[in-house]
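Here are the chains, one letter per residue:
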Amino acid sequence: MFNDIGALELVTIVVLAILIFGPDKLPKVIQDVTGVIRKIRAFSDSAKQDIRSELGPEFKDFEFEDLNPKTFLRKQLSENEDLKEIRSTFDLRKELNDVTDAVNSREADSAPAAAGSSGAPAATGPDLLKKPAAPAAELRTPYDADAT
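Residues numbered from 1 in each chain as written. Predicted model: local features only at pLDDT ≥ 70, side-chain atom pairs only at ≥ 80, totals over all residues. Heavy atoms only, no water.

S.K.: I'd like a description of the overall build of the protein, backed by residues and values.
M.R.: Secondary structure assignment for the protein yields four helices and zero strands. Split into buried and exposed, the 148 residues of the protein put 4% on the buried side. In the form shown here, the protein has an accessible surface area of approximately 13600 Å², with 62% of it arising from carbon and sulfur atoms. (Helix = DSSP H or I, 4+ residues; strand = E, 2+ residues; numbered from the N terminus. Buried < 20%, exposed > 50% of the residue type's maximum accessible area, 1.4 Å probe, protein only. Areas by Shrake-Rupley, 256 points an atom, 1.4 Å probe, with all protein chains shown as cover.)

Next up, the structure:
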């Protein structure tokens, strides 16, 4: 509950409590606050037990923390055997290395073929890494200044 309170904040709260309630009333206030916290915890524990008893024996392992969406998703993903199998068979680094090797080999294969055939396209297909040449002047679409 108070995991993110540092030492400086705690000292500040103690000093403010002493200034507000005074050193005479402070022990009584602390007892009252701890009593209220104990009553709230007892009430919530009894409410949890009542809900578990009403749900029946099939929900004996039910935890209220599982209602948090993050916890629910984490639990469902970690318990699903199909997802564990998919994760173990799929290696993203291997897949990326395969794609990189394929691209690099195509690039290396197309460079000698283009140099030896004097500009003719390679038999394996078009080279996707090079920019296409600019179309000839007669193939360009005419520019109409009034249309723009």
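Don't stop here, the text continues.
S.K.: A description of the pattern of salt bridges should follow, citing residues and the corresponding values.
M.R.: It is possible for side chains bearing opposite charge to pair when their charged atoms get close. Overall, the coordinates contain two salt bridges when judged by the stated rule. Between Lys28 and Asp32 there is a salt bridge, with its nearest N and O atoms 3.3 Å apart. Separated by four residues within a single helix, Lys28 and Asp32 lie in helix H1 (residues 7-55), roughly one turn from each other. According to the relative accessible area criterion, Asp32 is partly exposed, its value standing at 40%. The partner of Asp98 in a salt bridge is Lys94, with the nearest N and O atoms 3.5 Å apart. Remark: Lys94 and Asp98 occur in helix H4 (residues 92-116); sequence separation between them is four residues, near one turn of the helix. Take Asp98: its relative accessible area is 39%, and that puts it in the partly exposed class. (Salt bridge = Lys/Arg side-chain N within 4 Å of Asp/Glu carboxyl O.)

S.K.: Mind laying out H1, listing which residues take part and the relevant values?
M.R.: Spanning 49 residues, H1 covers only 43 Å between terminal C-alpha atoms, well under the ideal 72 Å at 1.5 Å per step. Where H1 bends most, at Gly22, the angle is about 105°, and the proline Pro23 comes one to four residues later. Within H1 the residues assigned to the buried category are Ala17, Gly22 and Leu26. After H1 finishes, the residue Gly56 shows a positive phi value of roughly 105°. (Expected span 1.5 Å × (residues − 1). Bend = angle between axes of the 7 residues up to and from the residue.)

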